[in-house]
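# A look at the structure
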Amino acid sequence: MKLIFAGTPEFAATALAALVAAGHEILLVLTQPDRPAGRGMSLQASAVKKVALTHGIPLFQPERLKDPATHEPIRAACRESGAELMVVAAYGLILPQAVLDLPRRGCINIHASLLPRWRGAAPIHRAIEAGDAQTGITIMQMDAGLDTGAMLLAEAIDIAPQDTAGSLHDRLAELGGRLVVEALARLDSLAPQPQPEAGVSYAGKIAKAEAALDWAQPAVVLARKLRAFNPLPGASAGLAGETVKLWRGEPVAGSGQPGRILAATAEGIVVACGEGALRLTELQKPGGRRLASADFLRGTPLTPG
């Protein structure tokens with residue numbers, strides 16, 4: 001098919017590469033403008049832009065799409081070049097109805113959850129944080145709502161006990177690429193299914209303030225947060241006036257004043273929680289690198305209490 005593609009991060013780049021490999025003709029790629037990143041805060045191209053440049057695909061990087069004048073490249077791709085459909089994956093900009101109406105066969109979205117659970121910006125993080133046993137990919141028709149369109153295809157995967165947002169993201173990205181290629185191959189025979197009204201939940205964007213652990217919460221909840229916020233934004237806690245990143249840990253038996261250290265050995269730093277305790281096994285001081293608990297303690301000796 002002749003397609004337009006809209007997406008920005010690595011999740012979307014995986015899908016774009018899969019569409020190219022499957023032989024689809026991508027007439028135009030929409031991605032967010034280059035953003036400052038890294039220690040030097042130099043402008044960095046999105047993962048999707050890098051794939052598009054590799055394959056010589058025309059790019060369009062608007063700041064927003066509210067102004068009808070910004071729709072012209074999309075309109076031209078549809079009316080002059082014959083783009084039939086737009087595929088969207090983690091684009092990050094709202095597509096107004098006027099844009100959704102431009103492709104002859106509409107727009108479809110690759111969403112990283114089993115809709116209607118976890119509509120919104122951070123479905124991978126929220127699924128882990130909530131302790132879900134499964135998640136998946138839904139290919140859906142786009143409408144003006146927030147991930148409310150009719151579903152075309154879906155496939156579930158298990159969330160492993162040690163999955164982080166990073167590891168689960170990578171598996172879902174591969175699944176999304178495979179599933180959107182399958183959906184396009186079967187597009188004429190797929191019957192759109194309205195999303196059920198029951199089971200709707202929203203995956204709000206992760207706020208920086210959520211990174212700081214509240215030790216009054218149960219250890220099992222905090223252990224899920226460690227996995228959900230790895231690699232971004234990274235869970236954190238205060239230690240001797242510094243903010244320490246906490247990357248890995250597990251709930252263990254223990255009790256005490258929440259936030260107090262119960263044990264500090266090579267096996268881990270055990271911190272009392274509202275229920276049980278959390279054994280931290282990978283930590284990072286400001287400006288340092290991630291360290292196993294044994295290595296962390298060599299540079300930062302800690303004692304119970």
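Further up the page is the structure itself.
Here we take up the nonpolar core. If you look at the biggest cluster of nonpolar residues, it comprises 47 residues, and the most contacted ones within it are Phe5, Val87, Ile110, Ile137, Ile139 and Leu172. The element contributing the most residues to this core is helix α6 (residues 165-185), with nine residues. Excluding anything up to four places from it in sequence, Ile110 contacts Phe11, Ala15, Val87, Val88, Ala89, Ile137, Thr138, Ile139, Gly176 and Val180.

Below, the discussion takes up the packing of helix α1 (residues 10-21) against α6. Two elements in contact, α1 and α6, have axes whose closest approach is 8 Å; the angle formed by their N-to-C orientations is 35°. Here α1 and α6 pass one another in a crossing that is right-handed. Contacts from Glu10, Phe11, Thr14, Ala15, Ala18 and Leu19 of α1 reach α6 at His169, Leu172, Ala173, Glu174, Gly177, Val180, Val181 and Leu184. For the contact of α1 with α6, a count of residues per class yields nine nonpolar, three polar and two charged.

Bringing α6 into the picture now. Between its first and last C-alpha, α6 extends 30 Å over 21 residues, near the 30 Å set by a 1.5 Å rise per residue. Of all the residues in α6, the buried ones are Ala165, Gly166, Leu168, Leu172, Ala173, Leu175, Gly176, Gly177, Leu179, Val180, Ala183 and Leu184.

So, how was this worked out
- Residues numbered from 1 in each chain as written.
- Predicted model: local features only at pLDDT ≥ 70, side-chain atom pairs only at ≥ 80, totals over all residues.
- Heavy atoms only, no water.
- Core = buried A, V, L, I, M, F, W, Y, C linked by side-chain atoms within 4.5 Å.
- Buried < 20%, exposed > 50% of the residue type's maximum accessible area, 1.4 Å probe, protein only.
- Helix = DSSP H or I, 4+ residues; strand = E, 2+ residues; numbered from the N terminus.
- Contact = heavy atoms within 4.5 Å.
- Axes fitted to C-alpha atoms, helices over the stretch in contact; angles between N-to-C directions.
- Left-handed = near helix turned anticlockwise from the far one by under 90°.
- Nonpolar A, V, L, I, M, F, W, Y, C, P; charged D, E, K, R; others polar.
- Expected span 1.5 Å × (residues − 1).

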